[in-house]
Amino acid sequence: QLQLVESGGGSVQPGGSLTLTCVISGVGLDWHAIGWFRQAPGKEREQVSCISPSGSMISYADSVKGRFTVSRDNGKKTVRLVMNTMEPEDTAVYYCAATDPTFSSYVCDAKESAYWGPGTQVTVSS
């Protein structure tokens, strides 16, 4: 029983940076891996990153590796995605989602994520 809300989206020029924050409320944060996903028009949903409940296990999509950094602060009930050196291909709606812990505590999977935020638009253009 979690609620997730993303913030920090907006417009940025190529090479610029944005930071997205997922604020999580409810019960059970410490049991959930949190994934960042994005979906651009006409494209399949893509998993951007995944972070385990403790933050010890982190993974990134190849397309963002080296540019994006995910972290979490369970005390503040937030998961942050720092996006640097952004590219037009990063344009998408970004969502955070919590994986059902009965599926995995360490793996993010959109189909097994019961809780999603409403999304925030990120646009990278000149």
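Residues numbered from 1 in each chain as written. Predicted model: local features only at pLDDT ≥ 70, side-chain atom pairs only at ≥ 80, totals over all residues. Heavy atoms only, no water.

K.L.:
Explanation requested: the overall build of the chain in the structure shown.
P.N.:
Of the regular secondary structure elements, the chain holds 0 helices and 11 strands. For the chain, the proportion of contacts with a sequence separation of at least 24, taken over those separated by at least 6, is 58%. Per element, the accessible surface of the chain, about 6,400 Å² overall, is 50% carbon and sulfur. For the chain, the centre of its 10 positive side-chain charges and the centre of its 12 negative side-chain charges are spaced 4 Å apart. (Helix = DSSP H or I, 4+ residues; strand = E, 2+ residues; numbered from the N terminus. Contact = heavy atoms within 4.5 Å. Areas by Shrake-Rupley, 256 points an atom, 1.4 Å probe, with all protein chains shown as cover. Lys, Arg positive; Asp, Glu negative; His and termini not counted. Charge placed at Lys NZ, Arg CZ, Asp CG, Glu CD.)

K.L.:
Please explain the environment of Ser52 as it appears in this structure.
P.N.:
Mapped onto the elements of the fold, Ser52 is located in the loop between β5 (46-51) and β6 (58-60). In this structure the C-alpha to C-alpha distance between Ser52 and Asp62, which are 10 residues apart in sequence, comes to 18 Å. Beyond its immediate stretch of four places on either side in the chain, Ser52 contacts His32, Ala33, Met57, Arg72, Ser105 and Tyr106.

K.L.:
Quick question: what am I supposed to make of the pattern of salt bridges here?
P.N.:
Two side chains of opposite charge can pair, provided their charged atoms sit close to one another. One pass over the full model with this rule turns up 5 salt bridges. Across the pair Arg38 and Asp90 runs a salt bridge whose closest N-O atoms are separated by 2.9 Å. With a gap of 52 residues between them, Arg38 in strand β4 (residues 34-39) and Asp90 in the loop between β8 (78-83) and β9 (92-99) connect regions that are remote in the sequence. With relative accessibility at 1%, the residue Asp90 sits in the buried group. (Salt bridge = Lys/Arg side-chain N within 4 Å of Asp/Glu carboxyl O. Buried < 20%, exposed > 50% of the residue type's maximum accessible area, 1.4 Å probe, protein only.)

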